[in-house]
Amino acid sequence: MSPEYRASRLGPVARARFKQAGMLTSLTLALTAGLASPAVAAGRAVTDHTPTAMRGGGHDCDDPRDDPKTTTGPTGGDHEGCRGATGATGATGATGATGATGATGATGATGATGATGATGATGPCADIDASQDSNNFELRAALTGSNPARAYAGIRDLTTATPGPFLWTDLSTHPNYPQNACGIALAQHSQGNQAEGDLRVDVVTTTGAVYETTCQVVTSNRTLNCDNNPWVLVNRQPAPGAVNGGTIVP
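Everything numeric here is computed off the predicted structure, so don't read it as measured data.

Novice: Mind laying out the pattern of salt bridges, listing which residues take part and the relevant values?
Specialist: Summed over the entire model, instances satisfying the criterion amount to five salt bridges. A salt bridge links Glu 138 to Arg 140; the shortest N-O distance between them is 3.4 Å. For Glu 138, a relative accessible area of 7% puts it in the buried group. The class of Arg 140 is buried, set by a relative accessible area of 19%. Measuring nitrogen to oxygen at the nearest pair gives 2.2 Å for the salt bridge that ties Arg 156 to Glu 138.

Next up, the structure:
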């Protein structure tokens, strides 16, 4: 800011006299330096420093620029590099409290029923039957094993102080043995304690068919003679709703 616009404690008259002295000094310096003729220098000095006008009543009028309250300095321009460095990032704030659990949603619709799975393999079949028509021996029929289950006929000697061991005959090797046999039973027809008798062994299959084979009971030595008797379908076969009837085997 130029000194002539700065605030001063001098009164109006004193400031005017001070300005006149300044004009003389500036003119003298200009003439000495040879920058202009006396007329030009004087004209410039007079032009640059306008006398203070007189207000009504013979008082001096203050130049508004002399009032520090109305004087505004030039606006400074932007200068690169004047902005301060960016501060460090602050620490992360604490995690807020967990919100309340929302209400349970409505139950969804029931899904469609899945397709029926394939039928599983048939489980192993096992069965047993027993008969004792005399004091000399007892009989057994057993079905055991799997794929297929095997049918057996057995006999045990009871003439000794301690019952003898069972003697088994595999009947599943006989012709026409049903591969899906799943149950077994026996029936004995004897002709006395010393006579030979018939033994009938039946099996039922997983489809409900009933097959039969026969053996001879040898009472003299408490053994079975089954030869190679084939399995045959009994006639008639069980039938739904039958009463003293059944399905005739062709």
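Novice: Summarise the state of the cysteines; cite the residues concerned and give the values.
Specialist: Enumeration according to the criterion identifies two disulfides in this entry. Sulfur-sulfur distance for the disulfide between Cys 125 and Cys 182 comes to 1.7 Å. When the S-S torsion is -80 degrees, as for the bridge of Cys 125 with Cys 182, the disulfide is left-handed. Here Cys 125, found in the loop between β2 (59-60) and β3 (127-131), pairs with Cys 182, found in strand β7 (residues 181-189); they are 57 residues apart in sequence, far enough to count as distant. With its sulfur 1.9 Å from that of its partner, Cys 215 forms a disulfide with Cys 226. Measuring handedness by torsion sign, the sulfur bridge of Cys 215 and Cys 226 sits at about 105 degrees and is right-handed.

Novice: Could you give me a rundown of the environment of Glu 212, with the residues and numbers involved?
Specialist: Here Glu 212 is to be found in strand β9 (residues 210-218). Beyond its immediate chain neighbours, meaning those up to four positions away, Glu 212 contacts Arg 200, Val 201, Asp 202, Pro 230, Trp 231, Val 232 and Val 234.

Novice: Which residues make up the sheet that holds β3, and what values do they have?
Specialist: One open sheet accounts for four strands, arranged β3-β4-β5-β6; its pairing is antiparallel. At either end of the open sheet lies a strand with only one pairing partner, and these are β3 and β6 (166-170). Going across the sheet, the axis of each strand differs from the next one's by a mean of 20 degrees, ignoring polarity. Where strand β5 (residues 150-157) and β6 come together, five bridges link them in antiparallel fashion. Across the sheet, Ile 155 pairs through a bridge with Leu 167, a residue of β6.

Novice: Outline the pairing of β9, supporting the account with residue identities and numerical values.
Specialist: Counting buried positions along β9 yields seven of nine residues, so the element is predominantly enclosed. The pairing of β9 with strand β11 (residues 232-233) spans two bridges and is classified as antiparallel. Within the sheet, the bridge partner assigned to Tyr 211 lies in β11 and is Leu 233. Relative to strand β10 (residues 223-225), β9 runs antiparallel, the two sharing three bridges. Its bridge partner lying in β10, Val 218 is registered against Thr 223. Adjacent in sequence and paired antiparallel, β9 and β10 are bridged by four residues, among which Arg 222 carries a positive phi angle near 50 degrees.

Novice: Outline the packing of aromatic side chains, supporting the account with residue identities and numerical values.
Specialist: This model, assessed by the stated rule, comprises two aromatic pairs. Their ring planes at 25 degrees and their centres at 5.6 Å tell us that Phe 166 and Trp 168 sit as a pair that is stacked.

Novice: Outline the nonpolar core, listing residues and values.
Specialist: What tends to happen in soluble globular proteins is that the nonpolar side chains get buried as a cluster. Membership of the largest hydrophobic core comes to 24 residues, with the highest contact counts inside it found for Leu 199 and Val 201. Elements supplying a minimum of two residues to this core: β4 (137-144), β5, β7, β8 (197-205) and β9. Per-element accounting of this core gives the leading share, four residues, to β4. Not counting chain neighbours up to four residues away, the residues in contact with Val 201 comprise Ala 141, Ala 153, Leu 171, Ile 184, Ala 185, Leu 186, Tyr 211, Glu 212, Thr 213 and Trp 231.

Cut-offs and rules
Residues numbered from 1 in each chain as written. Predicted model: local features only at pLDDT ≥ 70, side-chain atom pairs only at ≥ 80, totals over all residues. Heavy atoms only, no water. Salt bridge = Lys/Arg side-chain N within 4 Å of Asp/Glu carboxyl O. Buried < 20%, exposed > 50% of the residue type's maximum accessible area, 1.4 Å probe, protein only. Disulfide = S-S within 2.5 Å. Helix = DSSP H or I, 4+ residues; strand = E, 2+ residues; numbered from the N terminus. Contact = heavy atoms within 4.5 Å. Pairing = 2+ DSSP bridges. Axes fitted to C-alpha atoms, helices over the stretch in contact; angles between N-to-C directions. Phe/Tyr/Trp six-rings, centres within 6.5 Å; stacked < 30°, edge-to-face > 60°. Core = buried A, V, L, I, M, F, W, Y, C linked by side-chain atoms within 4.5 Å.

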